[in-house]
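# Structure at a glance
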2 protein chains.
Amino acid sequence: MKQISIAEVGPRDGFQNISEYIPLEEKLRIIDAILASGVQHMQITSFVSPKAIPQMKDARDLSKICLERYGDRQLYALVPNYRGAQTAWDVGIRRVSYVVSLSESHNRANINRTHEQSLQELHTIRTALPDLEVVLDLATAFGCPFEGEKHADEVVAFLAPYEQRGIAAVNLCDTIGIAHPAQVRRAIEAVQREYPTLPIHLHIHDTRNMGMVNTLAGIEMGVQSVQSTLGGLGGCPYAPGASGNLATEDLVYMLNRMGYDTGIDTNALIAAARLQAQLVPQGKFSGHLYTIQEGNTHE
Amino acid sequence: MKQISIAEVGPRDGFQNISEYIPLEEKLRIIDAILASGVQHMQITSFVSPKAIPQMKDARDLSKICLERYGDRQLYALVPNYRGAQTAWDVGIRRVSYVVSLSESHNRANINRTHEQSLQELHTIRTALPDLEVVLDLATAFGCPFEGEKHADEVVAFLAPYEQRGIAAVNLCDTIGIAHPAQVRRAIEAVQREYPTLPIHLHIHDTRNMGMVNTLAGIEMGVQSVQSTLGGLGGCPYAPGASGNLATEDLVYMLNRMGYDTGIDTNALIAAARLQAQLVPQGKFSGHLYTIQEGNTHE
């Protein structure tokens, strides 16, 4: 059986879309339920300004508790800058996602930096924290609300200085859910050709119903890890009313049935998604499986 | 550009799930809007007992009007038996979908026939109406709520006497939305190997979020036509709360962006889906695109 790593990013990318603060204890209950299903990789929070994203104000406490409870799992956090990376390191996080947008206008809108400034910041992080693993989260890797479609050659050219400065992987992020399978294949093929030793991850949104098909396209091209959120929690701010993330339980169900070794139990994950829907009723969920009858997964 | 035929089956598979009667004029407005987008193939109704499915009681009138208005399109109907086929022929329909379930227990539950009786009925249709094109709609081709998963060798064995009696195509139907891409590929490969001249169609439900991924898997294996419903209208009776069909506009969007020649305009289809949601507000829709901002398809 072919192994595939599924990284749950709901506690970051899902929760950050909920304006009302979710109490730490409830977050932990959801995280516990997800990890109980067998999930090995989880982005548990982000170290960002609490003014920018108040939902993440408990990042330190949450990280400490999770690292203590789950020393056997790979728990990581998103950081937009050196300051976040330093705080993450100080609480014990050893791998971060460092986010930069392929589109410079989106980079300015999202983290208020030019491309040059983002690259300089990575240099600062790598110099100050040489043992911190940094995954480059390349936002808008397939398209941008301001700049339109992004092509594989732009991805390849952009990566060169990042790859030189030492990144653990590149995570191609379809921030606005605009990619299609042919584009996903082209981008991955181009990155593999130019950087054969660089691990590739994939973060696909389901905005236009292409979450499953794009993620499978990536897996069949050989990406090492794919990201999703429990229940599909999270929305895309540029597409009101639309679903946002791909639901982890739907993805796991498909891959398990196709014969992949995900190490995750679908029914336990569905139970976690139902718990989450109870605790975060204001969330926007796009998963299919947790809405259907118990035991109807036919797994 | 590779051509692919997308057959809209919402006026049959979508409408039949609406218990409240949709007035003929409203049905026609939706059909007009769909065909205005460039759709060439449509299953417009079914010739069934009005006691069993009252929604289809206007099958004759609807067919006559549509055939008169759209002589340039391929309009067809679903029939469960010779009687329906004869009525369809009499009003001018020249192609029907004849439905049989691969699972005999589902065949009994759905159309109250044994497999032997279903085969005999096809013989009657082919004999009485030799010029009527018959597509075999093979329901539960991938799995059955009563009998579980169905395998490719069962499909191949089942098809033999149907292929001998002369069918225009086989339509592999994932009635309960249980198929996965590896299974879709195996089934199509097996049918292609055994019946190399038999056209294969695919009807995938989106119950478990695998509508897009399974349909694309089929297209990339070379199926000639795929079915879907506008807005994803239609539900699966075995999975309450779950979405049913794959949404045509989502499918068309993906294929157009991948460079396929569908001949269909996505934005016109989205407009049709919005009209349908107004006229059939009690419907269960699963499409993504028609819920997002106008002009946000990035096509």
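What you see is a predicted model, and the numbers here were worked out from it, not measured in a lab.

Rules of the game
Residues numbered from 1 in each chain as written. Chains lettered and ligands numbered in written order. Predicted model: local features only at pLDDT ≥ 70, side-chain atom pairs only at ≥ 80, totals over all residues. Helix = DSSP H or I, 4+ residues; strand = E, 2+ residues; numbered from the N terminus. Rg over C-alpha atoms; globule rule 2.2 N^0.38 Å. Contact = placed C-beta atoms within 7 Å. Buried ≥ 20, exposed ≤ 12 C-beta atoms within 10 Å, placed from the backbone. Core = buried A, V, L, I, M, F, W, Y, C linked by C-beta atoms within 7 Å. Pairing = 2+ DSSP bridges. Right-handed = clockwise from strand over helix to strand, strands pointing away. Axes fitted to C-alpha atoms, helices over the stretch in contact; angles between N-to-C directions. Expected span 1.5 Å × (residues − 1). pLDDT = per-residue confidence, 0-100. Left-handed = near helix turned anticlockwise from the far one by under 90°. Nonpolar A, V, L, I, M, F, W, Y, C, P; charged D, E, K, R; others polar. Parallel < 35°, antiparallel > 145°, perpendicular 65-115°, else oblique. Arc of directions from axis to C-beta.

## Topic: the overall build of chain A
Counting its secondary structure elements, chain A contains eleven helices and ten strands. Its C-alpha radius of gyration of 18 Å places chain A within 12% of the 19 Å reference for a compact globule of 299 residues. In chain A, the proportion of contacts linking residues at least 24 apart, taken out of those at least 6 apart, comes to 74%.

## What about unusual backbone geometry?
At Asn112 of chain A, a position not held by glycine, the phi torsion is positive, near 60°. Mapped onto the elements, Asn112 of chain A comes out in the loop between helix H5 (104-111) and helix H6 (115-128). On the basis of neighbour counts, which here come to 11 C-beta atoms within 10 Å, the residue Asn112 of chain A falls in the exposed class. Of note, the phi angle at Thr140 of chain B is positive, near 50°, even though the residue is not glycine.

## Details of the nonpolar core
Counting 168 residues, the largest nonpolar core has Ala77, Val96 and Leu138 of chain A together with Ala77, Val96 and Leu138 of chain B as the members making the most contacts within it. Residues in contact with Val96 of chain B, not counting those within four places in the same chain, are Tyr76, Ala77, Leu78, Val79, Ala85, Ala88, Leu132 and Val134 of chain B.

## A look at the pairing of strand S9 (residues 200-204) of chain B
All names here are of chain B. Among the five residues that make up S9, four are buried, leaving the element largely enclosed by the rest of the structure. As judged from the five bridges shared by strand S8 (residues 169-174) and S9, these two strands associate in the parallel manner. Of the residues in S9, the one forming a bridge with Asp174 is Ile204. You can see the chain leave S8, run along helix H8 (residues 181-194) and come back into S9, and the turn it takes is right-handed. For the segment spanning S9, helix H9 (residues 211-221) and strand S10 (residues 225-228), crossover handedness is right-handed.

## Section: the sheet that holds strand S10 (residues 225-228) of chain A
Picture the strands of a sheet paired through backbone hydrogen bonds; they go either parallel or antiparallel. Residue and element names in this part refer to chain A. Taken in spatial order, the eight strands close into a barrel running S1-S2-S3-S4-S5-S8-S9-S10, and their pairing is parallel. For this sheet, the mean angle separating the axes of adjacent strands, direction not counted, is 25°. Where strand S9 (residues 200-204) lies against S10, three bridges are found, and the strand directions are parallel. Across the sheet, His203 pairs through a bridge with Gln227, a residue of S10.

## Notes on the pairing of strand S3 (residues 74-79) of chain A
For a regular strand, side-chain orientation follows a simple rule: the groups alternate between the two sheet faces. All names here are of chain A. Here S3 lies mainly inside the structure; five of its six residues are buried. Summarising the sheet, strand S2 (residues 41-46) and S3 pair through five bridges and their orientation is parallel. Among the inter-strand pairings, Gln43 is bridged to a residue of S3, identified as Tyr76. Read as a crossover between parallel neighbours, the route from S2 over helix H3 (residues 59-69) to S3 is right-handed. Here S3 runs beside strand S4 (residues 95-101); their pairing, made up of three bridges, is parallel. Note on S4: the bridge partner recorded for Leu78 is Ser97. Handedness of the S3-helix H4 (residues 82-91)-S4 crossover: right-handed.

## Notes on the environment of Val134 of chain B
Residue and element names in this part refer to chain B. Topologically, Val134 is positioned in strand S5 (residues 133-139). Residue classification places Val134 among the buried positions, given that 21 C-beta atoms sit within 10 Å. Separated by 37 residues in sequence, Val134 and Ser97 have C-alpha atoms that sit 5.9 Å apart.

## A look at the sheet that holds strand S4 (residues 95-101) of chain B
All names here are of chain B. Read around the closed barrel, the eight strands follow the order S1-S2-S3-S4-S5-S8-S9-S10; overall the barrel is parallel. Strand-to-strand twist in this sheet, taken as the mean axis angle between neighbours without regard to direction, amounts to 25°. In this structure, S4 lies alongside S5, joined through seven bridges in parallel fashion. Of the residues in S5, the one forming a bridge with Ser101 is Ala139.

## Topic: helix H2 (residues 24-36) of chain B
Residues and elements named next belong to chain B. Taking 1.5 Å of rise per residue, the 13 residues of H2 would be expected to cover 18 Å, and the 18 Å separating its terminal C-alpha atoms lies within 8% of that figure. Buried residues of H2: Lys27, Ile30, Ile31, Ala33, Ile34 and Leu35, and no others. Where the residues of H2 are buried, they touch strand S1 (5-8), helix H1 (10-14), strand S2 (41-46), helix H3 (59-69) and helix H11 (266-279). Just downstream of H2 lies Gly38, where phi reads positive at about 110°.

## Things to note about the confidence of the model for chain A
Averaged over chain A, the pLDDT score is 93; the fraction of residues at 70 or greater is 94%. With pTM at 0.94, the complex prediction returns an ipTM value of 0.93.

## With respect to the packing of helix H2 (residues 24-36) of chain A against H3 of chain A
Residues and elements named next belong to chain A. It is at 11 Å that the axes of H2 and H3 come closest, and there the two elements cross at 35°. Between H2 and H3 lies a crossing whose hand is right-handed. Between H2 and H3, the contacting residues are Leu24, Lys27, Leu28 and Ile31 on the first element and Asp61, Leu62, Ile65 and Cys66 on the second. Looking at the contact of H2 with H3 residue by residue, the class counts come to six nonpolar, no polar and two charged.

## Looking at the packing of helix H10 (residues 248-258) of chain B against H11 of chain B
All names here are of chain B. Following both chains from N to C, one finds H10 and H11 inclined at 170°, their axes separated by 9 Å at the closest point. Here H11 runs roughly antiparallel to H10, going by the angle between their axes. Packed against H10, whose contacting residues are Thr248, Glu249, Val252, Tyr253 and Asn256, the element H11 presents Thr266, Leu269, Ile270 and Ala273 at the interface. Looking at the contact of H10 with H11 residue by residue, the class counts come to five nonpolar, three polar and one charged.

## A closer look at H4 of chain A
Residue and element names in this part refer to chain A. Of the positions making up H4, those classed as buried are Gly84, Ala85 and Ala88. Within H4, the buried residues cover an arc of 100° as seen down the axis, which keeps them to one side. Close packing links the buried residues of H4 with S3, S4 and H6. Phi turns positive one or two residues past the end of H4, at Gly92, with a value near 110°.

## Re the environment of Leu255 of chain A
Residue and element names in this part refer to chain A. Along the chain, Leu255 falls in helix H10 (residues 248-258). Assessed through the 24 C-beta atoms surrounding it within 10 Å, Leu255 is described here as buried. Note: C-alpha distance between Leu255 and Gln3 (252 residues apart in sequence) is 9.8 Å.

## Considerations on the environment of Ala152 of chain A
Residues and elements named next belong to chain A. Structurally, Ala152 is set in helix H7 (residues 152-165). Note: C-alpha distance between Ala152 and Leu172 (20 residues apart in sequence) is 11 Å. If we skip the residues at most four places from it in the chain, Ala152 touches Arg186, Ala187 and Ala190.

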